[in-house]
Structures are given as structure tokens and as C-alpha cells.
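Read off the chains here:
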Amino acid sequence: MLNIEHLSVAVGDKQILTDINLHIGYGEVHVLFGPNGTGKSTLISTIMGFENYKVLEGKIVFKGQDITRASCDERARLGIGVMIQRPPTIRGLSLRKMVEICGATSKEAESMAAWMGMTDFLDRSVNEGFSGGELKRSELLQLMAQKPELLLLDEPESGVDVENIALVGRAANYILQHVDCRQDKKCGTSCCGHKADCPKNNPLAESGHSGLIITHLGHILKYVPASHAHILYNGRMTCPKGDPLEVLQCISRMGYEHCAGAACARKG
Amino acid sequence: MEKNNLQAALQKQAAFGADLDLKKFDDNNDVHLQSAEDLSASGKAKLEKVGIDLQESNRSATFVQVDNAQLKSDVKPETPLTLMNTGLAAQKYPDLVEKYWWHAVKPDTDKYTAITALEKENGYFIHVRAGAKIAFPLQACVFMSHEEQLQRVHNVVILEEGSELNIISGCASDEAVEHGVHLGISEMFVGKNAKLSFTMIHNWGHNVAVRPRTVTLVAEGGTYISNYVCMEKVKDIQMYPTVRLQGKGAVARLNSVLVAPPGSHMDVGGKAVLEVPGTRAEIVTRSISTGGEIINRGNLTGDAENIKAHLECHGLMLSNEGYIRAIPELFAETGNSELSHEAAVGRIAPEEIQYLMARGMSEEEATATIVRGFLNVNIEGLPATLSKKITDTLDAFQMNKGM
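Residues numbered from 1 in each chain as written. Chains lettered and ligands numbered in written order. Predicted model: local features only at pLDDT ≥ 70, side-chain atom pairs only at ≥ 80, totals over all residues. Heavy atoms only, no water.

Visitor: Talk me through the pattern of salt bridges; I want residue IDs and the actual numbers.
Guide: Applying the stated criterion to the full structure yields 20 salt bridges over all chains. The salt bridge partner of B:R359 is A:E139, with a shortest N-O separation of 3.1 Å. With B:R359 in the loop between α6 (350-357) and α7 (363-375) and A:E139 in helix α5 (residues 132-146), this pair bridges two chains. Just as B:R359 is buried, A:E139 falls in that class too. Between B:R211 and B:D236 there is a salt bridge, with the nearest N and O atoms lying 2.9 Å from each other. (Salt bridge = Lys/Arg side-chain N within 4 Å of Asp/Glu carboxyl O. Helix = DSSP H or I, 4+ residues; strand = E, 2+ residues; numbered from the N terminus. Buried < 20%, exposed > 50% of the residue type's maximum accessible area, 1.4 Å probe, protein only.)

Visitor: Requested: an account of empty space enclosed by the protein, with residues and values cited.
Guide: All names here are of chain B. For the structure on display, the rule yields four cavities of 30 Å³ or more. Size it by volume and the largest cavity reaches roughly 140 Å³. In terms of lining, the largest cavity is formed by 18 residues, of which the most central are Y224, S226, Y228, M239 and P241. Of all elements in the fold, only β9 (195-203), β10 (207-218), β11 (223-230), β13 (242-245), β14 (251-260) and β15 (265-274) reach the threshold of two or more residues within the lining of the largest cavity. The greatest single-element share of the lining of the largest cavity, amounting to four residues, is contributed by β11. Classifying every residue of the lining of the largest cavity gives ten nonpolar, eight polar and no charged. (1 Å grid on protein atoms, 1.4 Å probe; cavity = no way out; pocket = protein on both sides within 12 Å on 5 of 7 lines; lining within 4 Å. Points joined across faces, edges and corners; volume = space filled by probe spheres on them. Nonpolar A, V, L, I, M, F, W, Y, C, P; charged D, E, K, R; others polar.)

Visitor: Which residues make up the pairing of strand β3 (residues 29-33) of chain A, and what values do they have?
Guide: Residues and elements named next belong to chain A. Here β3 lies mainly inside the structure; five of its five residues are buried. Of the two faces of β3, the one lined by V29, V31 and F33 and the one lined by H30 and L32 are each fully buried. In this sheet, strand β10 (residues 210-214) lies alongside β3 in parallel orientation, the contact comprising four bridges. Among the inter-strand pairings, V29 is bridged to a residue of β10, identified as G211. Where β3 lies against strand β11 (residues 228-233), four bridges are found, and the strand directions are parallel. Residue V31 lies in a different strand from β11, and its bridge partner there is A229. (Pairing = 2+ DSSP bridges.)

Shown next as C-alpha cells:
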């Protein structure tokens, strides 16, 4: 679904990412570990196409289409959705309107908000005065409506209290696995869109959706079936085929440097 | 007020705004139009834009003044309010004159108030009886049809105890009027537990200068909500409406929405004086410059214990021309008052545009959405049709600008 080849990115005059290669197949969820300031958010912002992230070299191909120079909204319309760490406040635009802009009908907006515990926020300005956890729920609510095929999450657990981590995880999982029956033509099975009734199905395989998730603590892994892990260290990608839980354990025991280097190479 | 003192005040410059030479304008009381039907098509369109519905559907009463002559003053049957020309009311109700006329606005405030006090009295007088809650808005329109007109207006609005009224005051000038001066003195008296919503929408000619002078007195438990909307080019407007909260539990909220195109100068302020304990006020202004000049003055004065007021002034620059200046002032005169202000002036944050684009909006849509949201103050008392009209105007304006 997503192929990143030899990508180097600068912000302003400073090069942040060097020669990044990343291949995310249909139905795969990749986790990205790495110390603060190493360029994880830069990678996600570059995939989304935000301004100020200058591609120096390499290319980004999404569903077979080179989107390296595509604008942010083109990428969104092609099926990429992002949750950034610090979304801005949009004063005077209600969350309800925003969810509808993302693609939900007014009825869907209501039920999705109820599910996310955000009903009381629907008529407030987007993100205005939201707490850390409320911001995450607001973002996920918008993404539920947007129904991206490639979900980019930048630290979905940060600032979220213990009780709400499960909700955030389930919401991410829902977005990844939920087949949009209105749009998706391959949606032919009887349990389409109601994965709970179909225990034998691999829901992710059916939805074909993919994800890239930045996480420090890995709580989200309890809820989302991540298949691959990477460590971004000093602007370079390592561990191309790491198992998410193993890599997480390695990092907590030995630190990023060790795992990104020797431990990773051994797995080869 | 002694006539002599007022004569002297004719030379008195206003505290703010460019000094206007009133002698250059045609001060007459002539009747230039016989009926609303005589209005030009563009004039009628402008009235609609400022919220005046000449069909008078969903309106409790209608007042129209053209230049310095009353054209219309009709109250729907069985509506418990009095509406008439202020000059006529002064003859009819000398006791009310004694009690209210020029009690809120000092006639020697400046040359504009002085000339209005000295010359033949025009404008609307509105009196709502105690306990009367008027369901539909009263619409009052002051229109300028004559080139180089000096228009004088003295409005007196009295809400007796427990009454409620929603006024839509639309002011505009004919397309044909290039130059003119509008002087609008408004004195409003919100009685005990009464509630007044006053929405003023301006749509003036390119070279018209405007000097409103508004003071509202609010008694115990009374509520005053003022909405001011000006989104069209006006050469020079200067106003600094003041609300004095004089009874316990009195509340005021002043909202302003300003859009200044190139060639406009808008010096629009708002002042709330909290004179007794237990009063609250909020002043909220949203300004956009698309090349024009905006000065936002704001003043909260807390004269008493246990008061609370907030001043909020946000400006958005959509052009490299023009400017927005925010001048907030807070005066606390007791140890137990809570006054706050929040001012921010700038361009649209690129992160906001990018954020909306990441949800699938084009750059133009994202910008328009942010601007609409920015101007979306919660305007209470505004009929839905009018609220929609403002949004439509904004949309049209954005399309014109290619935003």
C-alpha cells in the first residue's frame, strides 16, 4: 500500500531523515519506535504531505501512485488519515461540523461521538480547551468519519489516562478493521462491517487497511494487531522486520541504541 | 443643559476619530422619499442586507427614517409597545423627556451629540410596557438617500420592568450616495429584570462617515445584549458604545463582527462600567481586515466589589495592506473584582489550514472554513434568517476574494 524509497527530508535547513525505506503492505500495521527528536513525527508529517517538510531525495508511493509532490488534501482524498500530536484549535468550527466535513452524516456523527464518549463536545469548537485525552478522542472521532485506508497515528497514548487507553486502542482498531460498506466494493461477505460476529475472519485482511503507529510505551499494541516494528534512530530506519513485542521488550531492557544496532542486525 | 453650553459644544472635538467638518454637509429636514416603495432597487437590496424586511413578516414593528424624515412607523396590532419619532414622543410625553432624554448620553459629549441635541429631533422612540415580552423583533431602519446629507438620529429605547424586546437596527445608504455623515445617538434604558437584544447592522457608502454615540443603562437583574455587524466598506466609522450596569445582577454582552475592506477605517470599541456589586459583562470582538484599518478599543471598568467581566478581541489579517490595532483597557477599583482580557491579532495559522487539508479539504475550503469559524461568535437574539444572511454575505465575500 505504501512504499517509501530512499527518502531524505529536511525541515527548514536541517536534514532530519536520511535514506528512509519503508514498505507497508495491505492489511499490515507497523509500529515505529525511537527516542524523542529522532524524526518519527517528521516521517508521519512527510507521508501526510504537511508543508515545511521538504523531500530532498526519494519518493513516496501510495497505492501505486507517486504522491511525493501531492498536496495534503490530495493525499487525504486518496485515503491517508493522520492523528498528529498537537492538533490546532479551530475556533468557531464545531466538532460536529468537523466530523461531518470528514465524511459522516449527521446521524453517524452522533453515534460515533457517543461511542467515543464525545457527545458533550460535539457543539464545542474543534479542540478548544480539550484535555490530552479529549484531543486523542476528538482526532479518532474525525478519523472514524474519514475512514482512511492508511492510518497514521503519532503517539496515540500520550496524555491519555489509563481508563481511556482501551477506548483509544479500540477506536484505532475499529478504523483499521472496519470495512466501509458504502464505498468498498469488495465488501461482499455477510459479516462485512460487523467484525465481532466473524471470529474466523482476519478482519484486517478483509479491510485491507494499513497503519503506521508511533508509540513509546506500546500500550496500543494490546488493541491493534501490529505486524511489524521499526526503530528510527538518528534519522535512519532500522529493524525492518522486527516483531513489535520483541522490539519493545528489547528497547525497555537494553535501550534504543543497542536494539537499533547489534540486536537488530542479528535478526537480520 | 443650557443652550449656550451646547452651542459651545458644537466646536468640541470627539475623544476619538478624525474630526469631521459638519458644515461641508447638507443639514436639512427635507422629505426626499414618500414611501418605502420609492426606494431604488439597490437601496431595497441594501436594506435586506442589514436585516430589514420590508414585507414585515415576523416583525413586531417597523420604523423607517430616510435622511432626516420619518417614512414609516408601524406597530403590529395588539403589540404592547409604543413606537414613534423621537421628536413627536418628546411633545407627547414631557414626563418621559424629564426622566430619560439625554440622561444616558451627555448632549455636550462632542460636536456630534451637541448638533443632534440642538436641531430638530429625529430617530425612533421605543417604549415597552412593564412585563410585555415582545416575541418578534422590532426593526428600525435609518437610511441615507441624499448626496452629502448630514443625518441626525436620536433614539430613545425604554424597557420597563420585566419586559423583553429584540431590536434589529439596520443602517445603510443608497448606492448613489457617495458622501454623507450619519450621527446616531442612542440612549437605552433596560429596566429591572428586563431584557434587550439590540442588533445593529451597518452597510454604508464608500465615502460615508459615521459617528454613533450609544449609552445603555441597565437596572437590577436586567440583561443587555448588543450585536454589531459591519462587513462592508465604510470610509470612516468611530463608535465606542458604553453600557453602565447600575443594578445588582445586571448583565451585558457586546459582540462585534467587523470586516474591513481596503479603504475602510473602523474605530469600533465597547465599554462596560460595572457600577454595583454582582454585575457581569462580556465584550467580544472579531475583526478581519482584507486591507482596511480597524481599531478595537475595549474598556472594562469595575467600580464595585464582586463583579466579573471579560474582554475578548481577536483580529485576523487577510491582507498585507491595512492594520488591526487592539487597545484593551481594564480598570479595577476594588479588591474583589475579576476583570480579564484576551487579545490576539494575526494571520491564519498555516497549521490550521494544513490540519483541515489533512481531513480532505482544499486549501480554499480550509481557509474559508477558518474565517467563517473565526467570525462565528454566538450571536444571541439574531433571527435565524439574519444569521444565515451574514453567513451568505461572508461566503459571497470570500468567493469574490478568491479565497
